[in-house]
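If you want the building blocks of each chain, they are given just below.
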Amino acid sequence: RSGRPYRFVGANFWYGLLLDAGRLERELDRLAALSVTNLRVLGAIEELPPPSAHAQPAVQPRPGEFDEAILAGLDRLLCGARDRGMTVVLVLNNMWQWSGGFASYVHWATGEAPPPMRSGASDEEWQAHQAYA
């Protein structure tokens, strides 16, 4: 940062925007007590059609439609991290089916159903998902 090495202890706190206010505060306090200074957080979760397994509820269930309650949860998380001197790395999209990601946008743009992705997917199913997305 600012031309100097930046060393940190980080955590994958992808689900933070989905937590209720009380649990969010407890988890942020615990992370701070563990000297965690960086959080990786999902900034978006897009809806995928069943039977794909993905995080619920979606931030964006349909193109251009956003769940204001979840966005308020993201605001709470960002404010709570700031208040504890933490840095947040906000993930806006990815290849993983569990967060919707690129596959949701392909589905919305083409109408083509994505390959089904369930818990315990085989390597072939992952390859098909990546090719689709």
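For every chain, the first residue of its written sequence is number 1, and the numbers climb from 1 along that sequence. Residues qualify for local features only when their pLDDT is at least 70, as the model is predicted, and side-chain atom pairs are given and counted only at 80 or more; totals for whole chains, interfaces and linings, by contrast, use all residues. Only hydrogens and water are removed before side-chain values are computed, so all heavy atoms of the structure are retained for them.

**Considerations on unusual backbone geometry**
- Backbone torsion omega between Gln56 and Pro57 reads -5°, so that peptide bond is classified as cis.
- Strands here mean DSSP runs of E at least two residues long; helices mean DSSP runs of H or I at least four residues long; both are numbered from the N terminus. Considering the arrangement of structural elements, one finds Pro57 in the loop between strand 2 (38-42) and helix 2 (68-83).
- With a phi close to 50°, Ser2 is a non-glycine residue in the positive phi region.
- Note on placement: Ser2 falls in the segment before strand 1 (10-12).
- On the basis of relative accessible area, Ser2 is assigned to the exposed category, the value being 73%.
- Unusually for a residue other than glycine, Ser35 sits at a positive phi of about 70°.
- Here Ser35 shows up in the loop between helix 1 (21-33) and strand 2.
- We classify Ser35 as partly exposed; its relative accessible area is 46%. When accessible area is computed with a 1.4 Å probe and restricted to protein chains, residues below 20% of their type maximum are described as buried, those above 50% as exposed, and intermediate ones as partly exposed.

**Some points on the nonpolar core**
- The criterion is simple. A nonpolar core is a set of buried Ala, Val, Leu, Ile, Met, Phe, Trp, Tyr and Cys residues joined through side-chain atoms within 4.5 Å. The biggest cluster of nonpolar side chains holds 20 residues, and the ones touching the most others in it are Phe13, Leu17, Leu39 and Ile45.
- Contributions of two or more residues to this core are made by helix 1, strand 2 and helix 2.
- Ranked by residue count, the leading element in this core is helix 2, at four residues.
- Any two residues having at least one pair of non-hydrogen atoms within 4.5 Å are treated as being in contact. Not counting chain neighbours up to four residues away, the residues in contact with Phe13 comprise Leu19, Leu24, Glu27, Leu28, Leu31, Leu39, Arg40, Val41 and Leu77.

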